[in-house]
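Chains, contacts and geometry: an overview
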Amino acid sequence: TPVIGVLALQGDVREHTIALAEADALARPVRRPEELAEVDGLVIPGGESTTMSKLAVAFGLLGPLRERVAAGMPAYGSCAGMIMLADKILDGREDQETIGGIDMIVRRNAFGRQNESFESPIDFTGIEGGPLQGVFIRAPWVESVGASAEVLARLTAGPAQGHIVAVRQGGLLATSFHPELTGDHRVHRLFVDMVRAA
Ligand code: GLN
């Protein structure tokens, strides 16, 4: 059984922990470098990426996170977690750091005020059984991806139609939306399989 950490600096740690357990992984909170060293993969939760970035620096975790991701540790980020896995962000705070790893440009708070929260069905490449329910909360979108990143989902309706909302690059996975809030654990199962395969 893979041991999967949940970065527990800030955000919806509890929901991811439950989803991982239901997807047959052993979930553990990660706040310290020693805890990071002991996990096979890592989930970076939704929350507030500027706060997460600050706390990662304050806890001495940013360097170790970058090193483990660069060394091939699988990681999955939802929403703020997607921002943390982006090589480049738009509309970030000036001092905002990311872990990086996915060759993509992510725009924070991309859907604007009016649409801060909405739900939309998502056709997700590689996930069987019909569309997922995408929950978007002050979500980012992916402005563009590099050649090594694979687009797994785009919005297919609404004013933001066509925008990229799920990306994979090797062992790294990112979604604009929050599957951990829906009770549908297919994205977490996909990630647990990626950790098993790594
Ligand atoms: N707007 C948040 C950020 O920029 C992300 C929101 C979320 O994770 N639900 O970090």
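In this text the structure is predicted, and so the values were computed from the model without any measurement.

**Regarding the UniProt feature "binding site: L-glutamine" (unreviewed entry) in the chain**
- Mapped onto this numbering, the UniProt entry annotates "binding site: L-glutamine" (unreviewed entry) at Gly47, Glu48, Ser49, Arg108, Ile137 and Arg138. For this annotated set, covering 92 residues, all C-alpha atoms fall within 12.8 Å of each other, a compact arrangement in space.
- Within the secondary structure, Arg108 sits in the loop between strand S6 (102-107) and strand S7 (117-122).
- Owing to 22 C-beta atoms within 10 Å, Arg108 belongs among the buried residues under this scheme.
- Excluding residues that lie within four positions of it along the chain, Arg108 makes contacts with Ser49, Ile83, Ile89, Leu90, Asp91, Gly92 and Pro140.
- Excluding anything up to four places from it in sequence, Arg138 contacts Asn109 and Glu116.

**Describing the UniProt feature "active site" (unreviewed entry) in the chain**
- Residues annotated in UniProt with the feature "active site" (unreviewed entry) correspond here to Cys79, His178 and Glu180. A maximum C-alpha distance of 10.8 Å places the annotated residues, which cover 102 residues in sequence, within one compact spot.
- Among residues more than four places away in sequence, those in contact with Cys79 are Gly46, Ile137, Ala139, Pro140, Ser176, Phe177 and His178.

Cut-off values and rules
Residues numbered from 1 in each chain as written. Predicted model: local features only at pLDDT ≥ 70, side-chain atom pairs only at ≥ 80, totals over all residues. UniProt positions renumbered as here; feature names shortened; annotations may be inferred. Helix = DSSP H or I, 4+ residues; strand = E, 2+ residues; numbered from the N terminus. Buried ≥ 20, exposed ≤ 12 C-beta atoms within 10 Å, placed from the backbone. Contact = placed C-beta atoms within 7 Å.

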